[in-house]
Amino acid sequence: MRTPIIAGNWKMNKTVDEAVSLVREMRRGLNEVRGVDRVLCPPSVALAAVAGLLKPTTIKLGAQNMYWEEKGAYTGETSPLMLKGLCQYVIIGHSERRGYFGETDEGVNRKIKAAFAHGLTPIVCVGESLEQHEAGQIGEWVSGQVRAALEGLSAEQVRSMIIAYEPLWAIGTGKAATGAGANSVIGLTIRGAIADLYDEATAQAVRVQYGGSVKPANTAEFMTQPEIDGALVGGASLRAADFVEIVRIAAQVKGV
Ligand code: 13P
């Protein structure tokens, strides 16, 4: 039985003051929901303030990125050592980081290893572009990303991580995948690749989210799918009522 997990990726939105207000608005509603792991991923400058607000709750905190080195001359970067103790999760390899900031599969793999070395749970993003989608290359591309990301990881590590399937054409477009489509990529391609690399038990243990234009109106469609364990929510996670609603629907649909 995999515990559902809903994470809000705020991306580059909200000042520290705005982040504090948004957390105050959604904290009680999110905290009331049981049986679903709830994670907020604000911008890095707001992590400390949000950590304080979440302390008395069961809501967890995540960073949106980090570097793999612990410390040193890496201007502008945040290290796993800095995140450890502040948050529990870290998003790694989001398509915006891969696309705008040149992140490679190899870098993603190093970051995942660094996260595990410091007790952080990685939320690793994979997904195909519109061109790849239309060219029928989803399976090949996504399984390649999964294989590269997991290189050198133990089965135990893989079982404890989160993978987010985020097709690029669905991110921020209002054009979500279908529940059945996402379920099939997650079941056949993502769990399939993990079963090949490790074993069926490991493939069944890893939690896999769907991400891309998730909102209250389509949450049930994704959460009713057997292979989908949750959502990585962008835009709708910036609206307190919507994000709380998404978490409530997830709890209802998964029957927890
Ligand atoms: P949207 O929910 O805004 O489409 O963003 C999805 C996403 O990229 C979450 O990481």
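Before reading on, note that the structure itself is shown above.
This section reports on the structure supplied with the text. Because the structure is a prediction, the values reported are computed rather than measured.

**Observations concerning the overall build of the chain**
Summing up its helical and strand segments, the chain has 12 helices and 8 strands in all. A globule of 256 residues ought to have a C-alpha radius of gyration of about 18 Å, and the chain, at 17 Å, matches this closely. Each principal axis of the C-alpha distribution contributes one length, and for the chain these read about 45 × 45 × 35 Å. Counting over 256 residues, the chain shows a buried share of 53%. Nonlocal contacts in the chain, meaning residues at least 24 apart in sequence, comprise 73% of its contacts between residues at least 6 apart. Surface exposure of the chain reaches about 11,100 Å², of which carbon and sulfur atoms provide 51%. Charge centroids of the chain, computed over 26 positive and 27 negative side chains, lie 8 Å from each other.

**Re helix H11 (residues 216-223)**
An α-helical turn contains 3.6 residues, so a residue and the one three or four places further along point in the same direction. Those residues of H11 that fall on the buried side of the exposure criterion are Asn218, Thr219, Phe222 and Met223. Along the axis of H11, the buried residues cluster in a sector spanning 140 degrees; they form a single face. Buried residues along H11 sit against strand E1 (5-9), helix H9 (179-197), strand E7 (207-211), strand E8 (230-233) and helix H12 (240-254).

**A few points about the packing of aromatic side chains**
The geometry of an aromatic ring pair is captured by the separation of the ring centres together with the interplanar angle, meaning the angle of the planes. Summed over all chains, the structure comprises 4 aromatic pairs. Taking 4.1 Å as the distance between ring centres and 10 degrees as the angle between the ring planes, the aromatic pair formed by Tyr210 and Phe222 counts as stacked. Of the two residues, Tyr210 sits in strand E7 while Phe222 sits in helix H11, which places them 12 residues apart along the sequence. Owing to a relative accessible area of 0%, Tyr210 belongs among the buried residues under this scheme. Of the aromatic side chains, those joined through ring pairs into one cluster are Tyr67, Trp68 and Tyr74.

**Points about the sheet that holds strand E3 (residues 60-63)**
Taken in spatial order, the 8 strands line up as E1-E2-E3-E4-E5-E6-E7-E8 and close into a barrel, and their pairing is parallel. Ignoring strand direction, the axes of neighbouring strands in this sheet form an average angle of 25 degrees. By the bridge criterion, 2 bridges tie strand E2 (residues 37-41) to E3 in an arrangement that is parallel. The partner of Val39 across the bridge, within E3, is Lys60.

**Points about the pairing of E8**
The alternating pattern of E8 places Gly230 and Leu232 on one face and Ala231 and Val233 on the opposite face, and all of these are buried. As paired elements, E1 and E8 share 4 bridges and run parallel to each other. What sits directly across from Ile6, in E8, is Ala231. As defined by bridge partners, E7 adjoins E8 across 3 bridges and the pair is classed as parallel. Residue pairing in the sheet places Tyr210 in a bridge with Ala231 of E8. In this fold, E7 hands off to H11, which returns the chain to E8; that crossover is right-handed.

**Observations concerning the environment of Val158**
Mapped onto the elements of the fold, Val158 is located in helix H8 (residues 155-160). On the accessibility criterion, Val158 (0% relative accessible area) is buried. The sequence separation of Val158 and Gly107 amounts to 51 residues, and the corresponding C-alpha distance is 17 Å. Not counting residues up to four positions away in its chain, the partners in contact with Val158 are Leu150, Leu153, Ile194, Tyr198, Thr202 and Val206.

**A look at the site of the ligand**
Contacts to the ligand come from Asn9, Lys11, His94, Glu166, Ala170, Ile171, Gly172, Gly212, Ser213, Leu232, Gly234 and Gly235. With respect to the ligand, the side chain of Asn9 contributes an N or O atom lying 3.0 Å from an oxygen atom. One of the side-chain nitrogen or oxygen atoms of His94 is found 2.8 Å away from an oxygen atom of the ligand. In isolation the ligand has 310 Å² of accessible area, and contact with the protein removes 95% of it. For the ligand, the cavity whose grid points lie within 2 Å of the majority of its atoms is the second largest pocket. Along the lines of polarity and charge, the residues of the shell around the ligand split into 3 nonpolar, 7 polar and 2 charged.

Procedures and definitions
- Residues numbered from 1 in each chain as written.
- Predicted model: local features only at pLDDT ≥ 70, side-chain atom pairs only at ≥ 80, totals over all residues.
- Heavy atoms only, no water.
- Helix = DSSP H or I, 4+ residues; strand = E, 2+ residues; numbered from the N terminus.
- Rg over C-alpha atoms; globule rule 2.2 N^0.38 Å.
- Buried < 20%, exposed > 50% of the residue type's maximum accessible area, 1.4 Å probe, protein only.
- Contact = heavy atoms within 4.5 Å.
- Areas by Shrake-Rupley, 256 points an atom, 1.4 Å probe, with all protein chains shown as cover.
- Lys, Arg positive; Asp, Glu negative; His and termini not counted.
- Charge placed at Lys NZ, Arg CZ, Asp CG, Glu CD.
- Arc of directions from axis to C-beta.
- Phe/Tyr/Trp six-rings, centres within 6.5 Å; stacked < 30°, edge-to-face > 60°.
- Pairing = 2+ DSSP bridges.
- Axes fitted to C-alpha atoms, helices over the stretch in contact; angles between N-to-C directions.
- Right-handed = clockwise from strand over helix to strand, strands pointing away.
- Near = heavy atom within 4 Å.
- Polar contact = N/O pair within 3.5 Å; in protein donor to acceptor, adjacent residues only side chain to side chain.
- 1 Å grid on protein atoms, 1.4 Å probe; cavity = no way out; pocket = protein on both sides within 12 Å on 5 of 7 lines; lining within 4 Å.
- Sits in = over half its atoms within 2 Å of the grid points.
- Nonpolar A, V, L, I, M, F, W, Y, C, P; charged D, E, K, R; others polar.

Keep in mind that these numbers describe shape and distance, not what the molecule does.
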